[in-house]
Amino acid sequence: MAAHDRVPAPVEEVEYDYESLPPNYSLAANMLAGAFAGIAEHSVMYPIDLLKTRMQVANPSPTAMYTGISNAMITITRLEGFRTLWRGVSSVVLGAGPAHAVYFATYEAVKHAMGGNEGGKHEHHPIAAAVSGASATIASDALMNPFDVMKQRMQLHGSTYKSLQHCASSVFRNEGVGAFYVSYPTTLCMTVPFTALQFVAYESLSKTMNPTGRWDPYTHCTAGGLAGGVAAGFTTPLDVIKTLLQTRGTATDPELRNVRGLVQAAAIIKRRDGWGGFFRGLKPRIVTTMPSTAICWTAYEMAKAFFIAQGQE
């Protein structure tokens, strides 16, 4: 009877607390699960992310004007080679892993400290979730921003950077350390509401699709993907501004090269392209984010299941 009583505790906790590992699991377990999720999320959809960057850049090459996702893939592969679709992916492997590790570790720590894990799945703690998400975003973006700058520089048409190290040294030498963080305020302005929208949409969709609240990987995957798509659509204007700031050092136009921040970048986009300019790359951003979000949570759950299984042995 005692053995029977010991079994339900971890099983029930996995079912009711989808977002976090059980409280008795270590910080290292949270970080490893998050790192695995981050690398899986960004690497799988990298070619679409490269296309998004190219569509958003403010001064594209005449030979890099794309009419759609499939057309762009064919054009890039034919003119630049298949490997071009993965140019800069090393920045994701090196940056996304640690950044997501920090994200999930911060999220779990703050959420637990604020009592967000109390009461199980059916007990909601919106304030704890909001503060945890914001804290996690601020911490992880501080680590990821330089890698994101290098990634987008290497994704551009005609990029001359031979490696991540070459890109980092060139940007630092020519523009200083500030170039790695000029987009950080804009990134936070985008990712904080993105996280909030994603969690609100995810919770609403999960309740609609799975009112019983029982563990269902298909529901979590579908709801996560749809929630990511909704959040991506609403935050695309800020993503366009971020791209302009992060790629300014490659621009030949003096106005673009010397843009200083969010407000100035937004003014340039509005003057040159109108309101439609804020939604360049909308389709590839949504196409990238939906499966990425689903992959991220699925991978995180897979890693959690592994740690839980190890703990039960």
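Residues numbered from 1 in each chain as written. Predicted model: local features only at pLDDT ≥ 70, side-chain atom pairs only at ≥ 80, totals over all residues. Heavy atoms only, no water.

- As recorded in an unreviewed UniProt entry, the chain goes by the name Mitochondrial thiamine pyrophosphate carrier 1, listed as coming from Aplosporella prunicola CBS 121167.

### Description of the packing of aromatic side chains
(1) Moving on: Per the counting criterion, the structure on display carries three aromatic pairs.
(2) Moving on: Between the aromatic rings of Tyr46 and Trp86, the centroid separation amounts to 6.3 Å while the plane-to-plane angle is 15°, which identifies the pairing as stacked. Note that Tyr46 is positioned in helix H4 (residues 46-56) and Trp86 in the loop between helix H5 (69-80) and helix H6 (89-113), a separation of 40 residues in sequence.
(3) Moving on: Judged by centre distance (5.8 Å) and plane angle (35°), the rings of Trp275 and Phe278 are tilted. (Phe/Tyr/Trp six-rings, centres within 6.5 Å; stacked < 30°, edge-to-face > 60°. Helix = DSSP H or I, 4+ residues; strand = E, 2+ residues; numbered from the N terminus.)

### Some words on the nonpolar core
(1) Moving on: Core analysis: the biggest nonpolar cluster contains 13 residues, and Ile241, Leu244, Leu245, Val259, Ala265 and Ile269 have the highest contact counts within it.
(2) Moving on: Of all the elements in the fold, those that place two or more residues in this core are helix H10 (217-246) and helix H12 (262-273).
(3) Moving on: Discounting residues that sit within four places of it in the chain, Ile241 has contacts with Thr186, Leu262, Ala265, Ala266, Ile269 and Phe278.
(4) Moving on: Counting 11 residues, the second largest nonpolar core, distinct from the first, contains Met45, Tyr46, Leu85 and Val92. (Core = buried A, V, L, I, M, F, W, Y, C linked by side-chain atoms within 4.5 Å. Buried < 20%, exposed > 50% of the residue type's maximum accessible area, 1.4 Å probe, protein only. Contact = heavy atoms within 4.5 Å.)

### What about H4?
(1) Moving on: With respect to burial, H4 is a largely interior element, 10 of its 11 residues being buried.
(2) Moving on: Taken together, the buried positions of H4 are occupied by Tyr46, Pro47, Ile48, Asp49, Leu50, Leu51, Lys52, Thr53, Arg54 and Gln56.

### Digging into the side chain of Thr247
(1) Moving on: Checked against the element boundaries, Thr247 lands in the loop between H10 and helix H11 (254-257).
(2) Moving on: On the accessibility criterion, Thr247 (4% relative accessible area) is buried.
(3) Moving on: Residues contacting Thr247, with those up to four places away along its chain left out, are Val57, Gln152, Arg153 and Leu156.

### Some remarks on the side chain of Asn145
(1) Moving on: By secondary structure assignment, the location of Asn145 is in helix H7 (residues 126-155).
(2) Moving on: Since its relative accessible area comes to 2%, Asn145 is described here as buried.
(3) Moving on: Polar side-chain contacts of Asn145 include one of 2.8 Å to the backbone oxygen of Phe180. (Polar contact = N/O pair within 3.5 Å; in protein donor to acceptor, adjacent residues only side chain to side chain.)

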